[in-house]
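Below, each chain spelled out in residue letters.
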Amino acid sequence: MNKILYSARLKSLANEKNILRLLIIYGVAISLVQFLANRSLWIDEAMVSLNIIHRSPAELLKPLNYAQSAPPLFLIVEKLFSTLIPNSEYGLRLFPMLCFWMTLFLFVRIARKQRNIYAVCIIALTLFVTSRSFLRYSNEVKQYMTDALVFMSILWIIVKDYKNEQMKYWSLGIAGFIAIYLSNVAPVILATSGIYLCYKLFFNCDNSAERNRKLWSLSLVFLSWMVSALIYYWFFVHGNPWKDTMMLWWGRENGFFIVNPFDEKFADSITNVLSSMFSVYFLLYWPFIGIKLWSVICVLSVLYISGIIRIIKYKKTDLLILYCLPLILHLTMSALHFYPFAHRLVLYTFPCTILVCSLGIQHIIEIINLSKYKWFPYLYVIPFLILAYTTTKLPIKYIETKAGLKYIENATNKTENANVYMLHLHQFQCRYYIDTKHVSERIKFINSSDFEVPSLMLSHLPHKWIKATDKSNVEIGWIYDCKGKNWFMLSNNDPASSAKILHIADSLGYKKLDEYDNSGVRAYLYDCGE
């Protein structure tokens, strides 16, 4: 009897709803672990953060410094949190983490709309909470997690059930109006929503009187979106000084999709699209590289195609629009050079991508009829294995400039003062930590970048920046004039420049006194003589 009761309780704890709750708790918990780890800002975060901490809310509505761009409402909210928790990355990263939590909650609600196919929900939620890229951007001072929240919010407003249909249109009108100022990809999200709503109106509504009434409400919603978009374009896009710079930058980074199959860069463009869609799960190709990476991408591509086949098979055109159209529209914008297609810029589509992949897994299970086997229920252990593996890889770190600075500061406090020459990958992080009093003011930092930072800060000539960042024209003549004790703060992410600096230092007979090499930061203390 006791064994029967124990077995019944175990089955009750292991039911699908409890597994979903556990996955939600896990997602919240690991984002908190990542948040409390308080990793160092990286270069893009630091550039945005410097704008946030040094500008007033009104000044944040003007073009940002350092060739940065972010939605105005995102910047205003970031300013609020950075004021509440001043001089801390916690304040700057709290809003992205809250966006992650809300996105997770909405994602579960949307996944549950799959007619209680719990296997799909569990698979999708497991992929969601174990995505290292999603986890990373849940704690980053960038707008990418806000993009995902906006998409999931609009999606939920569309698919949820309403007692009063007019409430749906009011919600869409207000949410869409605000979304324009909160997300750079709002046009893609709202275009998808508009096409979906028109499809439902003209193909799923047989009552002409009801259709006309809904069409009038929908027209007002579209009008509010268009007014908001025009205001945003006029004040925040038109005349932006960094527009040409970013176009050139993303052109170099293969961010614009090439339609012509005879173009020599067409294969690279296809590679960029596939890796941006699926390597997002592994965070910049972690932990796979080369053949392993592409094997996984191929598997996910097969699952994605299988999911689309299942959607078509069951004639779920509405799901095809909601889940797949955003990627198509984004790809079209990329081909027209309106907005690049890149890993972090399509992060907002990832929840829908994994929903399609999860439906693909369900489709394969149905075709092979795996559920007939007795061992099938034990497959539920796979999500827990993935969770366990993900947990061992926390927290995620990138370039720990802050830890390197602390080491240099402690070493400098024990000896006489030393200059700190910084490679460009550390310059904005160092400035942030100096301005927020994380580093002693008596340490002298010198810009020794392989391109001139003042030209990046002040110049509005895009070609000057692009030419200056050409790695074939690295200028490090400053090293020949070094005197006394100097720290050279280098990076594993720029091995060519770092190796060149160290080679020259050694060839000049400079004596190495100390070194630090950890988490992407390499710092060397040299006595350069008198």
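Source: prediction; values computed, not measured. (Residues numbered from 1 in each chain as written. Predicted model: local features only at pLDDT ≥ 70, side-chain atom pairs only at ≥ 80, totals over all residues. Heavy atoms only, no water.)

(A) Expanded view of the packing of aromatic side chains. What the rule picks out here adds up to 22 aromatic pairs. Between Y137 and Y144, the ring centres sit 5.3 Å apart and the planes meet at 85°, which makes this aromatic pair edge-to-face. Judged by relative accessible area, which is 2%, Y137 ranks as buried. For Y144, a relative accessible area of 5% corresponds to the buried category. (Phe/Tyr/Trp six-rings, centres within 6.5 Å; stacked < 30°, edge-to-face > 60°. Buried < 20%, exposed > 50% of the residue type's maximum accessible area, 1.4 Å probe, protein only.)

(B) Representation of the pairing of strand 5 (residues 521-527) in the model. Most of strand 5 sits inside the fold, with 6 of its 7 residues counted as buried. Judged from the 7 bridges that link them, strand 4 (residues 511-518) and strand 5 form a sheet pairing that is antiparallel. Paired with K512 across the two strands is Y526, which belongs to strand 5. In sequence, strand 4 turns back onto strand 5 through a hairpin of 2 residues, with S519 there showing a positive phi of about 50°. (Helix = DSSP H or I, 4+ residues; strand = E, 2+ residues; numbered from the N terminus. Pairing = 2+ DSSP bridges.)

(C) Representation of the nonpolar core. L125, F128 and Y323 are the most contacted members of the largest nonpolar core, which totals 132 residues. Broken down by element, this core gets its largest block of residues, 13 residues, from helix 8 (residues 144-159). Discounting residues that sit within four places of it in the chain, L125 has contacts with L20, L23, I24, L104, F107 and V108. Grouped together as the second largest cluster of nonpolar side chains are 15 residues, Y421, L490, L502 and Y510 included. (Core = buried A, V, L, I, M, F, W, Y, C linked by side-chain atoms within 4.5 Å. Contact = heavy atoms within 4.5 Å.)

(D) Just the environment of L92, in detail. Tracing the chain through its elements places L92 in helix 5 (residues 89-111). Expressed as a C-alpha distance, the spacing of L92 and F81, which sit 11 residues apart in the sequence, is 6.3 Å. Non-local contacts of L92, meaning those with residues more than four positions away in its chain, are made with S49, I52, E78, S82, V141 and Y432.

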